[in-house]
Structures are given as structure tokens and as C-alpha cells.
Protein chains: 2
Amino acid sequence: MKLSKRKRQPMLKEKIAENPFITDDALAAEFNVSVQTIRLDRLELNIPEVRERIKDVAKQQYDTVKALPIEEVIGEVVDLELDDHAISILDIKEEYVFSRTGIARGHHLFAQANSLAVAVIDDDLALTANANVSFKSQVKSGQRVVAKAKVIGNQNNRTLVEVKSYVDQELVFKGSFSMFREELSTGRET
Amino acid sequence: MKLSKRKRQPMLKEKIAENPFITDDALAAEFNVSVQTIRLDRLELNIPEVRERIKDVAKQQYDTVKALPIEEVIGEVVDLELDDHAISILDIKEEYVFSRTGIARGHHLFAQANSLAVAVIDDDLALTANANVSFKSQVKSGQRVVAKAKVIGNQNNRTLVEVKSYVDQELVFKGSFSMFREELSTGRET
């Protein structure tokens, strides 16, 4: 059902506040209006476009990646609290997909999630020991993948990190990463 | 203990026959001689260098990859029998490693193994549903990773593929890939 502009705009504002990474395309589908309408709504509400919103989130104070140089993280880190959680975004480029199906190749989603699992560790050295991953839904070229990493805890000298990746709030990838870290290997507990 | 040339050469020949992918460096370490000695041994025994040996293996008759264009396989496929087994080799380049530690990034080993698991499937469409992977030993720049995929069987509409990757016969990576394929999804059993 199409809502009136007066009803739509506050809901739109709320939706974007909930998920700053949502694209105009996704919003248009959500509210059953054209992308152009969403753009006009944003203009009236003074809400910047998604790229700018992401930069804003990124500018907010957050921890610095410790276990690897930030440029070695696959995707853009937009939130990080060491040993707690991290978020990164990855735009799926044409060259990331299988030519025949247009479906993103699994190792790109794996790379984003795995490097985020490394990045979230508060240690100078972090290496992946095990990973258990599921590809939940197909990702296509042009889509934006938001990966969310959460540190679950330490177990048997490993730190367990769970990563869930979404496209427009749909779960597309889920992984549990068991991370080796220097600190735990030397017997010091965090 | 250093062997005499007369004793070493037959053993060297046997070693290479067992594992055509073994490098001169690894052979030198194995026999406790210099790389130069290995090269001279190979010359006398008329055994080509490792690159040529790999090409020879590759030229031998094997099946053609079906589920994706061969150039989309990460690594070089050197043996393939569809729905049975496959072997690929990947040379770890400088850009595949973490700058700080020189250790190969997990997603490259994952990419090699995962694309081999796709390649071994005898179907026009194969996608990864789940993967359970372990990184067993660190791989450094310049090393050659030999991945061996084995089709274990079909279970719950998925084909299970096990991949083990080696550097000089040491296990460095192990993965179980649960593959979705068109054939099984339409109810036809292989």
C-alpha cells in the first residue's frame, strides 16, 4: 500500500536512523514508491545520500584496528570496538561475481568476514584457526554487503568471533571464526 | 646425513616421481645438499624443472571443468575427474600475505579450495552452501600450495567435497564444502 507523503516521511526518517546503510533502491521498494520520490523525500528531510551517511558513521569515534594495517581489511570498516564488535561494508563489483550466474563468489564474502574477524581482535597478532561458514542467500553485483562481527568469548586459547553479513537487512552469510591470538597463546587471559 | 651422489640420485628420482610438484628448494632441504646440487642431479637424470613437470601433469588427459569457466578457478587445475577428485596448485605471491607477518591470508587458501570444490562438480551450476575450514599451518610467500579435492558423496540434496591443501606434503589447510548443485535440487539423484 502506498502511503501519503505526510505519513511516509517520518517512517522513512526512522528507517534510515535504524539502518544508515540502506540504499534509495531498497527504500523505494520498502515504501512502494519510485527512487526519485525517495530522493525528493531525503532532500526535504535534509537526509544525505547513503554514501555520505556511511562516511558520517565512519567519522564517528571508534577504535583503531590493531592486528593488521587498516588497508588490509577487505571492505570498509565503519564501526569498531576492539574485542567487542566491528562492522564493515563491501560493495560487490562486477569482477567479484561468477560470469555465468552473476552470483558473488563465496571467497569474497569469506574475505570480508574473515578480515573483520581479524580486525576486531585487540592484539598485535591474530590468525584464523578454524571457520565454519554458511552462504545463506545469493549476492549479486552492485549490492552492498554489511558485515557485523561480534566477539563471543575465549575458549581453548582461541577467541570466537561470529560474523553475520547482510544485504538490505537480509542475512546472506554467517560465519564462526576461531581466532588464534598472541596474548592467549602466551597464557595471559584477557 | 649427506648421501653420496650414487645413493642420492635414485632416491631423488623416486621422490620426484612420488610428488612431481616438489621444488628444488624442498629437495635440497630433504637431502641436505645445496639447490645447485639438486639442479645438477636433475640435469644428469634428465628430469625437467618443477614448472615443466607441472605442465606435463597438466597435459595428461583429464576432465574439463563444467560448473564454471576454467579461468575462474583460483589456482591451476592439474588433475580432474568430475564428481570424483581434482587437484590444483597455487603459488603464494607477495600480495597474498599479511604485510606484518608474511603469512598468507586465509581467504586465498579458502578461495583455492572453494573454487576447486566448485570445479569438481559435474553439473552446470554449483554453489557453496556451507564450509568448515581449518588453517593447519602457516603458508609463506613463494610457497606452492597443492590442493586436493575429493568428492565424498551426496547428503540432504548437497554434495560433500573435502579439500586438503599441502605445502611440500605438509597439511596447511583442510576444508569440508557442502555444495548445492542444480541436479540434486531438481530431485534427480546422481
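Residues numbered from 1 in each chain as written. Chains lettered and ligands numbered in written order. Predicted model: local features only at pLDDT ≥ 70, side-chain atom pairs only at ≥ 80, totals over all residues. Heavy atoms only, no water.

Okay, unusual backbone geometry next. Residue and element names in this part refer to chain B. In this structure, Asp 83 is a non-glycine residue whose phi angle is positive, near 60 degrees. Its place among the elements puts Asp 83 in the loop between strand 1 (76-81) and strand 2 (85-91). The class of Asp 83 is partly exposed, set by a relative accessible area of 26%. We note that Gln 169 has phi near 70 degrees; this positive angle belongs to a residue other than glycine. (Helix = DSSP H or I, 4+ residues; strand = E, 2+ residues; numbered from the N terminus. Buried < 20%, exposed > 50% of the residue type's maximum accessible area, 1.4 Å probe, protein only.)

Moving on: the interface of chain B and chain A. In this assembly, 30 residues from chain B lie in contact with 30 residues from chain A. Together, the buried faces of chain B and chain A total about 2,400 Å²; carbon and sulfur atoms form 52% of this surface. A per-residue breakdown of the area chain B buries against chain A is headed by Glu 72, Arg 100 and His 107 of chain B, which together make up 21% of the total. In this assembly, chain B and chain A are joined by zero salt bridges. Counting across the chain B and chain A interface gives 16 residue pairs in polar contact (both at pLDDT 80 or more). (Contact = heavy atoms within 4.5 Å. Buried area = accessible area lost by both parts, 1.4 Å probe. Salt bridge = Lys/Arg side-chain N within 4 Å of Asp/Glu carboxyl O. Polar contact = N/O pair within 3.5 Å; in protein donor to acceptor, adjacent residues only side chain to side chain.)

This next bit is on the packing of helix 5 (residues 106-119) of chain A against helix 5 (residues 106-119) of chain B. Between helix 5 of chain A and helix 5 of chain B, the shortest axis-to-axis distance is 9 Å and the interhelical angle comes to 160 degrees. Considering the angle they form, helix 5 of chain A stands roughly antiparallel to helix 5 of chain B. Read as a crossing pair, helix 5 of chain A and helix 5 of chain B show a hand that is right-handed. For the pair formed by helix 5 of chain A and helix 5 of chain B, the contact residues are Gly 106, His 107, Phe 110, Ala 111 and Asn 114 of chain A on the first element and Gly 106, His 107, Phe 110, Ala 111 and Asn 114 of chain B on the second. For the contact of helix 5 of chain A with helix 5 of chain B, the per-class residue count stands at four nonpolar, six polar and no charged. (Axes fitted to C-alpha atoms, helices over the stretch in contact; angles between N-to-C directions. Parallel < 35°, antiparallel > 145°, perpendicular 65-115°, else oblique. Left-handed = near helix turned anticlockwise from the far one by under 90°. Nonpolar A, V, L, I, M, F, W, Y, C, P; charged D, E, K, R; others polar.)

Moving on to the nonpolar core. Core analysis: the largest hydrophobic core is formed by 84 residues, its most contacted members being Phe 177 of chain A together with Phe 177 of chain B. For Phe 177 of chain A, the residues in contact, after removing those within four places along its chain, are Phe 110, Ala 113, Asn 114, Ala 117, Thr 128, Asn 130, Ala 131, Val 133, Thr 159, Leu 160, Val 161 and Val 163 of chain A. (Core = buried A, V, L, I, M, F, W, Y, C linked by side-chain atoms within 4.5 Å.)

Further remarks concern the environment of Gln 138 of chain B. Structurally, Gln 138 of chain B can be placed in the loop between strand 3 (126-135) and strand 4 (144-155). Using a relative accessible area of 43% as the deciding quantity, one classes Gln 138 of chain B as partly exposed. Separated by 25 residues in the primary sequence, Gln 138 of chain B and Ala 113 of chain B have C-alpha atoms spaced 16 Å apart. The contacts of Gln 138 of chain B, once residues within four sequence positions are left out, are Leu 127 of chain A together with Ile 103 and Gln 143 of chain B.

These values are about where atoms sit, not about what they do.
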